[in-house]
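Observations on the model geometry
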Amino acid sequence: MADQRVPFATHADSTVLGADEIVLNMGPQHPSTHGVLRVKLRLDGEKVIGSECVIGYLHRGVEKIAEHRTYTQFAPYVDRMDYVAAVSNGLGYCEAVEKLLGAEAPLRARVIRTILTELQRIASHLFWLGTHALDIGALTPLFYCLREREEILKIFEKYCGARLTTHAFRIGGLQYEAYDEFEKDVERFCKPFDKRVDEYESLLTGNRIWVGRTKGIGILTAKEAIDYAASGPVIRASGVKWDIRKAMPYAAYDLYKFEIPTGKNGDTFDRYIVRMEEMRQSRLICLQAIENIPAGPIMGKVGKVLKPPPGEVYHAIEAPKGELGYYIVSDGTTQPYRVRIRPPSLINLEAFDKMIRGHLVADVVAIIGTLDIVLGEVDR
Amino acid sequence: MLDQIVFYFFAALAVISAVLVVTRRNIVQSAIFLITALLATAGIFLQLHAEFLFIVQVILYAGGIMVLFVFVIMLINLDVSLHQVQFNRQWWLGLVLALALGAQLTVAIAVGRSGLPLGEPAPATMLEPSTELVGKVLFSEYMLPFEIASILLLVAMIGAVVMAKKKV
Amino acid sequence: MHSLIDFLLTYWVQLVCAVIIVAVLPLVAGYIVLMERKVMADMQARLGPMRVGPHGLLQPIADALKLLIKEDIIPDEADKAIFWVAPLISVTAGMLAMSTLAIGPWFQIADLNIGLLFIVGISALGIFGIVLGGWSSNSHYSLLGALRSAAQLVSYETAAGMAIVGALMLAGTLSTREIIATQNDYGVWFVFAAPVGFFIYVVASIAETNRAPFDLPEAESELVAGYMTEYSGFRWALYFLAEYTNMVVVASIATTLFLGGWLRPFAGTRAFNFLDFLPSVLLLGVAGYCFYRAPKQPVKIQKMVLAAVGAMIILVALILAAPLLAPAGSFVASMKAGLHGAFWFLLKVGLYIYLFMWLRFTFPRYRFDQLMRLGWQFLIPLSIVNVMGIGVALVLHRHFGWSHWTAFPLTTILTLAVAGLLAAAGEKQEKTHAIVGEEA
Amino acid sequence: MIPTSHYLFLSLGLFTVGVIGVVTRRNVIIILMSIELMLNAVNINLVAFSRLVGSAEGHVFAIFIITDAAAEAAVGLGIIIAFFRNRETLLGDEMDLLKW
Amino acid sequence: MPSQYIPILIFAALAAAFPAVTLVLFRFIRPTPVAVGAKLKPYECGVEAEGDTRGRYSVRFYIVAILFVIFDVETTFLFPWAVLFSTRHEGFRLEPVYALASMFVFLGILIIGYVWLYRKGALEWV
């Protein structure tokens, strides 16, 4: 293609060499945008002077689909949003509908839900750690992380037959009773797991390159984090002690003791440390929970056909990525009138532009990684 | 025999590349041919038993200075200059004068060849071992120029950085 | 005709070496890739390639065939001629650099007066292949990769050159052969006399070969594939070949200059002569493992291949052992220097490359500004100080009669102190630069 | 054996090509490259004479010339960059001001 | 031509010919390129590239190249010096103190330049 431009015309406004901006498309098909996120970067040399996220490449209209399904039928769809944390998605939806129905799952079901959700949190964080390290160039942690995650997926598989999109919970409780060796399996995974976390930390935390790549990168102050309505590890790393598990306990979290790890600087390193600590805390919750799983039914009193009274409900849980909220409006029929999902990845991604300004191209991937976004959830 | 082949090969390569350097429209291609010309010259140095100079030519000229050229070319938008007139208005005058200069020098060499003491070269062993010999000359007789060269480099470095960094 | 025969008679050894290098190098590169994948798999609790041949032993050949017959794509907007030539430049420069390597006392194409400089200088020309390839592809990622690569190569070349100067001051020659001979005379490898220089060279050589943690030009998570983004099929394979050739080259330079080249450990000490048997024992061990694994292979042909590999290794072991067992003075015994030299040289090169791999799978990747800072603000000043330190040590030793044991450790400690100062200064600067924050 | 005069003719040829490049081309970078060619031609002469008399002094001079060429290229290209970012052009005949 | 270089010349020819010849020969085995359209476009993560690729990039790269050239020249001067410092050829070895002093002056000037660059911030990438 011959260049038809008039000489100098494009550069008439720039007087300093190197002041030209380059527009670089990172994604949708890029190895480290964690899916089909497209980031349009405006670069000066390698420095980012502006960015624009283009999303929607994975849009499937999940919220619209909900309006044409019954409450029960829609439940498996939510698994496809955050596909690396399907159990948490299901929990949020089931609890939201239960709230709408005015029903509550029995204690035994809630404890098992808690265990599975915490295991899912560990699995999600492990996957995040592996890919984040890979983005920053450390190849090896990914495989160790996947090795551990595999154990969790095996537990899921034994419990409900599926590994990734589990659809583990039912509205009103659980479909499946915990299998015979459930406690033993969870214990076998959790007991040595803190050693494993130490192992990852020994690979990364003290490493000069890792620290150099993450400290001071993508800083989000506490005020900014609140202004952007960030949630989950992102806001906690900025020093805000905000965890829905403590603030508005759901499932059986009020029964267990655990800490909310927080960071100070709100940079990539702090988010990393916070997530590592969260894995340890999740392990503790699991260990506490399996010690005493109360006996009793696993299904609450909900009818065969779910027909919630007209009204609306918002219910949020602390998903691995942050606050996952379901806002459901019922018009009294068997199908929801409107389902609105608050995906933590999307809201956290809002802060992306703020975080990468002034950093280099290499930091962009670090920051995408540290936000821990899943495009299935961002685009829905 | 082999000497001749090598010399004429490199000489032809150098001259052809040199001509291409000044005639190509695309600066990147010019730069590539300049690299070829410089490497061919390095070959001629080798043929003249100047081993150390050969490798200095490769490292400094082909591997150092030309990298600088290629960088600058890549830093500057090329497409603009591709569509411009490549030769200046008085190019014919320049060409004639340059050729006249060339002819003059040719005549000078051709005529003066008999007068100059251009006899048989000294034995090649006098130029061995190359590195040690060059070093010896450099660090004994030409010590002062050597130190001054370092000042020249210092000045060049400062000058170039000031030029390039200058904010307008 | 007559002159041709004369010519061949004079140069047959060198010509055979040349042909062997050109023919075998792609294969060697392929097997280094296999080794890398196996090492990576081992470190990551996996198995690596297992399907093609026993333990994936034939994988490189399959890969090579696949790459050779892949569709050849040249992008529309590329500068076709330059796109075509660029990978060839890289490969040729890398290969040509091998011509003065002394792989054992026998195996060398030419022993030059400027030997080491020849390797350094010629391999530095490979940069043009990268820059031109990235430029001609006409893609943002390629060009950014090429510029990064060029900037990185040139930055670390200076540090590597200075580190080499340090070792050369001890050797007093540029000829690869004589450098090794000097280490033999001193009875100590230069890595012990100039450890700081060796450290600088290791770091710089990793950076020069674009290996992790300095693999920014092809950082797959940022620039997709850097300067190679638009290359596919065989052209891509040529870049890969160039990269692995360069790895072998820098490993060979390090081996020659710092690790005693083809010398056995404790080459001068009689008490350690039993180490002469080490090559054979080592190889017999490997062969034993092959035979142990052979019956466990799932397919019959794999069993046979693995057994054949074991037999070949035994053969090599026997060849290496023969000169030791033959009566002194016989022809067979005289082959010891050549055969064992080559073995030790290749072993050291292999270990050096293993070090590269080890680092690659352990460390995250530097960011570009950190990389440049490390090069310009730490390695280059340190390498200058290193040269000065070795000079001082030599003068103390030669002129003031200090012993080796005091002069060299003293200057090494001083150099390390300077390194500490530089690192502290860098740390301080990094802190001030750490927070880039909002840009106006 | 190649007579020394052949080297002189080769050098002459390269030098003339360099001069032609300097006086006819408009692009400043090509002009600088032509200057490199001229310097190179000089080096060939020096080395040829060095070979003739069997002394390394010519080599040393050639090394100094290369050093000089490096300094010249660095400063010259620095000037070109400074010029380019002010005038957005690479044409030598538009370099018509002493100060900008 | 020093005689050691003759095999190197031949090797150079082989090394240059090998990849080129392989590339050309396998053209007969390879499937004929049928790539059209998007396959021949430069990679930009699956979308159309915006702006001019052959645009201009940061002047930093140029400063690095300048510094490299200068330092490269200095290193090249150091090589013969290093060799002469302890060469075994008779009559070439420099008197150690003289050699060291001369090189310290040379390196000292270099270090002055380096310190100036450091102060000026020319060594900083960002």
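Residues numbered from 1 in each chain as written. Chains lettered and ligands numbered in written order. Predicted model: local features only at pLDDT ≥ 70, side-chain atom pairs only at ≥ 80, totals over all residues. Heavy atoms only, no water.

**Here's the deal with the sheet that holds strand β7 (residues 322-330) of chain A**
Residue and element names in this part refer to chain A. We apply this condition: Think of it this way: DSSP has to see at least two bridges between two strands before they count as a pair. For the purposes of this entry, the term helix denotes a DSSP run of H or I that reaches at least four residues, the term strand denotes a run of E that reaches at least two, and both are numbered from the N terminus. Every angle, taken between N-to-C directions, lies between 0 and 180 degrees, and every axis is a line fitted to C-alpha atoms, over only the stretch in contact when it is a helix. Should any heavy atoms of two residues lie within 4.5 Å, those residues are considered in contact.
Here three strands make up an open sheet; going across it, the order is β6-β7-β8 and the pairing antiparallel. Each of the sheet's edge strands pairs with one partner strand only, and the pair in question is β6 (311-319) and β8 (336-342). Adjacent strand axes in the sheet meet at a mean angle of 15°, parallel and antiparallel pairs treated alike. In the packing of helix α2 (residues 71-79) onto the sheet, the strands contacted are β7 and β8, and the crossing angle to β7 comes to about 160°.

**Side note on the pairing of strand β1 (residues 22-26) of chain A**
Applicable threshold: Only protein chains enter the accessibility calculation, which uses a 1.4 Å probe; a residue whose area is less than 20% of its type maximum is buried, one above 50% is exposed, and one in between is partly exposed.
Counting buried positions along β1 of chain A yields five of five residues, so the element is predominantly enclosed. Of the two faces of β1 of chain A, the one lined by Ile 22, Leu 24 and Met 26 of chain A and the one lined by Val 23 and Asn 25 of chain A are each fully buried.

**Let's talk about the interface of chain D and chain B**
Note the following rule: Buried area, as used here, totals the accessible surface that two parts lose on assembly, with accessibility defined by a 1.4 Å probe and the loss added over both. Should a side-chain nitrogen of Lys or Arg be within 4 Å of a carboxyl oxygen of Asp or Glu, the pair is scored as a salt bridge. Polar contact is defined as a pair of N or O atoms within 3.5 Å, subject to the rule that within protein one atom must be able to donate a hydrogen and the other to accept it, and that residues adjacent in sequence are counted only when both atoms are side-chain atoms.
Across the boundary between the two partners, chain D contributes 70 residues, which contact 88 residues of chain B. Of all residues in chain D, Arg 25, Met 33 and Arg 51 of chain D bury the most surface against chain B, accounting for 10% of the area lost on that side. The interface formed by chain D and chain B includes zero salt bridges. Applying the counting criterion to the chain D and chain B interface returns eight residue pairs in polar contact (both at pLDDT 80 or more). Put simply, the parts of the chain that give the side of chain D that touches chain B at least two residues each are α1 (4-24), α2 (28-53) and α3 (57-87) of chain D.

**Side note on the domain arrangement of chain B**
All names here are of chain B. We count it as follows: Where each domain starts and ends comes from a domain assignment, either automatic or drawn from a database.
Partitioning chain B into domains gives domain 1 (1-79) and domain 2 (127-168). At the interface, five residues of domain 1 touch five residues of domain 2. Approximately 390 Å² of surface area, both sides summed, lies buried where domain 1 meets domain 2, with 60% of it carried by carbon and sulfur atoms. On the domain 1 side of the interface with domain 2, the three residues burying the most area are His 49, Glu 51 and Phe 52, jointly 93% of the side's total. Taken together, the connections running from domain 1 to domain 2 amount to zero salt bridges. Connecting domain 1 to domain 2 are zero residue pairs in polar contact (both at pLDDT 80 or more).

**So, the packing of helix α1 (residues 2-23) of chain B against helix α2 (residues 27-47) of chain B**
Residue and element names in this part refer to chain B. Operational definition: These descriptions rest on fixed angle ranges, namely under 35 degrees for roughly parallel, over 145 for roughly antiparallel, 65 to 115 for roughly perpendicular, and the rest for oblique. It is the rotation of the near helix from the far one that decides the hand of a crossing: anticlockwise by less than a right angle makes it left-handed, clockwise makes it right-handed. Any residue that is not Ala, Val, Leu, Ile, Met, Phe, Trp, Tyr, Cys, Pro, Asp, Glu, Lys or Arg is counted as polar, Gly included; the first ten are nonpolar and the last four charged.
Two elements in contact, α1 and α2, have axes whose closest approach is 8 Å; the angle formed by their N-to-C orientations is 155°. Between α1 and α2, the angle is such that the two are roughly antiparallel. At the point where α1 passes α2, the crossing takes the left-handed sense. Of α2, the residues touching α1 (which contributes Asp 3, Val 6, Phe 7, Phe 10, Ala 11, Leu 13, Ala 14, Ser 17, Ala 18, Leu 20 and Val 21) are Ser 30, Phe 33, Leu 34, Thr 36, Ala 37, Ala 40, Gly 43, Ile 44 and Gln 47. Across the contact of α1 with α2, the residue classes tally to 14 nonpolar, five polar and one charged.

**Observations regarding the side chain of Ser 90 of chain C**
Locating Ser 90 of chain C in the fold gives a position in helix α3 (residues 80-97). Setting aside residues up to four positions removed in sequence, Ser 90 of chain C forms contacts with Gly 126, Gly 129, Ile 130, Tyr 239 and Ala 242 of chain C.

**Digging into the sheet that holds strand β2 (residues 38-44) of chain A**
To summarise the sheet geometry, strands pair through backbone hydrogen bonds and adopt either a parallel or an antiparallel arrangement. Reading across from one edge, β1-β2-β3 (chain A) is the order of the three strands in this open sheet, with antiparallel pairing throughout. Pairing within the sheet leaves two strands with one partner each, and these edge strands are β1 and β3 (47-54) of chain A. This sheet shows a mean twist of 25° between the axes of neighbouring strands, independent of strand direction. By the bridge criterion, seven bridges tie β2 of chain A to β3 of chain A in an arrangement that is antiparallel. Residue pairing in the sheet places Arg 38 of chain A in a bridge with Val 54 of chain A of β3 of chain A. Helix-sheet contacts for helix α6 (residues 140-171) of chain C involve β1 and β2 of chain A, and the interaxial angle to β1 of chain A is about 105°.

**Focus: the pattern of salt bridges**
All names here are of chain A. As enumerated under the stated definition, the model contains 38 salt bridges over all chains in all. The residue Asp 82 makes a salt bridge to Lys 321 at a minimum N-O spacing of 3.2 Å. Remark: Lys 321 occurs in the loop between β6 and β7 and Asp 82 occurs in the loop between α2 and α3 (86-101); sequence separation between them is 239 residues. Like Asp 82, the residue Lys 321 is buried in the burial classification. The partner of Glu 157 in a salt bridge is Arg 163, and the shortest N-O contact between them spans 3.8 Å. Looking at Arg 163, the relative accessible area reads 31%, which means it is partly exposed. The structure contains a network of salt bridges with shared partners spanning Glu 118, Arg 121, Arg 236, Asp 243, Arg 245, Glu 278 and Glu 318.

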